[in-house]
Structure formats: C-alpha cells, structure tokens
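What follows is each chain in one-letter form.
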Amino acid sequence: GFVDGGAAPDQPPDDSGARRERPTAGFDAKAYQASLDPAQPALKDCGIQEQTIRAFDGGYCSRGLNRGRLVLPIHDGGGNVLAFMGLALKGEQPDILFPKAFEPPSFFNLHRVGKGSLCLVQTPQDVLRAWNANLTDVICPLGPLTPNVIDSLAAFMRERQCEALEFY
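Residues numbered from 1 in each chain as written. Predicted model: local features only at pLDDT ≥ 70, side-chain atom pairs only at ≥ 80, totals over all residues. Heavy atoms only, no water.

Novice: A description of the sheet that holds strand β6 (residues 116-120) should follow, citing residues and the corresponding values.
Specialist: With respect to topology, four strands assemble into an open sheet ordered β5-β7-β6-β8, the strand pairing being mixed. Single-partner strands in this sheet number two, and they are β5 (107-108) and β8 (162-167). Packing of helix α3 (residues 124-132) onto the sheet brings it into contact with β5 and β7 (138-141), and relative to β7 it is tilted by some 170°. (Pairing = 2+ DSSP bridges. Helix = DSSP H or I, 4+ residues; strand = E, 2+ residues; numbered from the N terminus. Contact = heavy atoms within 4.5 Å. Axes fitted to C-alpha atoms, helices over the stretch in contact; angles between N-to-C directions.)

Given below as structure tokens:
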C-alpha cells in the first residue's frame, strides 16, 4: 500500500498567526535554510563550488549552533529534510555537528541515488566534491559502518538497482 504523503499530523496547518516568543515550539526548516549563505567568502577555501553548495541547499551559517560552519540539510529516503548538520571548515571538533538528540540516518545523500553504480566516500564534503566532478550517485556514512548498516545498504542497493559499490 501507499503511504499518505500529506502533511504530518503534528504540523500546524497555518502559522501566519503563530507567536514568535517560543522558537523551540517549532523549528522552521525553510527559514533556517534561507538564512544560510552559499556565497559566503569563508566557503571559498573549502574546495566545494558555490553552485554545488546551492544544489545541496546548503550554505554558511553565521549564528547559532552551527555558526562558522558549512551547513547542509539531512534528508530521509523520500527527500524530506530531517535536520541540518554543520561541517567544520577550520578543523573544529566535532567534524560534523548534529542537532542535540538527533539520530542521523546511516548515510548522507541516499535520496539522490539512482540505479547503476553507487559510490561511497568518507565525508559529506567528499560527497559535494564528487558532485563537482559530475559523480551524482555518491553517499557517505554518518556513523559507524556496523553489520546492520551494511545490511541496510545492501537492501537499499537491491531496491534502487545499484549493481556495484565503488569506493572513492
């Protein structure tokens, strides 16, 4: 059966009258995304082209938890934004910052994968660099490659008809 692709029941139908006092009441992913700057000069030295950062709906974050980082959205398999991650630009630790209490999916960029060969790289930055080189079916792990994660990747590859996994 098909799953209803409508709005989640916990999302307010209309926020035009929403109060601004409590930012924790609901995170506005679109507004956050709009605040990111893909053309920020601080990103010029990260080795990723501005148009690639734009293609991934990311950018430089100038305030909050991810201040001073390249921020990218994390999607579910259907392409819906789950959260945002902040990537270190100058060796900050941790390399990847996730929102508090967020459990990232096993892999970054699965929602863009088509059939054919699937490329596995080490970091989200490597995914973007591969995209710069016109490699589009590229993913990276967002956590340890446990046997269960490898099993889920194999199932995903069968589902998407990816016949080979290549490492870059």
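Now that the structure is up, let's keep going.
Novice: Any details on helix α4 (residues 147-160)? Residues and values, ideally.
Specialist: In a regular helix each residue adds 1.5 Å, so 14 residues correspond to 20 Å; α4 covers 20 Å between its end C-alpha atoms and thus fits that length. Buried within α4 are the following residues: Val149, Leu153, Phe156 and Met157. Take α4 and look down its axis: the buried residues cluster within an arc of 100°, on one side only. Exposed side chains of α4 directed beyond 90 degrees from the buried face belong to Pro147, Asn148, Asp151, Arg158 and Glu159. (Expected span 1.5 Å × (residues − 1). Buried < 20%, exposed > 50% of the residue type's maximum accessible area, 1.4 Å probe, protein only. Arc of directions from axis to C-beta.)

Novice: Account for the side chain of Arg69, naming residues and giving values.
Specialist: Looking at the element boundaries, Arg69 is found in the loop between β1 (59-60) and β2 (70-75). Of the buried charged residues, Arg69 lacks a salt bridge, with Glu92 as the closest side chain of opposite charge at 5.1 Å. In terms of polar contacts, Arg69 uses its side chain to reach the backbone carbonyl oxygen of Pro94, at 2.8 Å. (Lys, Arg positive; Asp, Glu negative; His and termini not counted. Salt bridge = Lys/Arg side-chain N within 4 Å of Asp/Glu carboxyl O. Polar contact = N/O pair within 3.5 Å; in protein donor to acceptor, adjacent residues only side chain to side chain.)

Novice: Can you explain the sheet that holds β1? Please cite residues and give values.
Specialist: The strand order across the open sheet formed by four strands is β1-β2-β3-β4, and the pairing between neighbours is antiparallel. In the strand order of this sheet, the two ends are held by β1 and β4 (96-97), each with one partner. In the sheet, β2 pairs with strand β3 (residues 81-87) via six bridges, with the strands oriented antiparallel. Pairing of Val71 across the sheet is with Gly86, part of β3.

Novice: So what about the side chain of Thr52? Which residues, and what values?
Specialist: By the secondary structure assignment, Thr52 is in helix α2 (residues 50-55). Those residues in contact with Thr52 that lie beyond four places of it in its chain are Leu128, Trp131 and Asn132.

The quantities given are spatial measurements derived from coordinates; they are silent on function.
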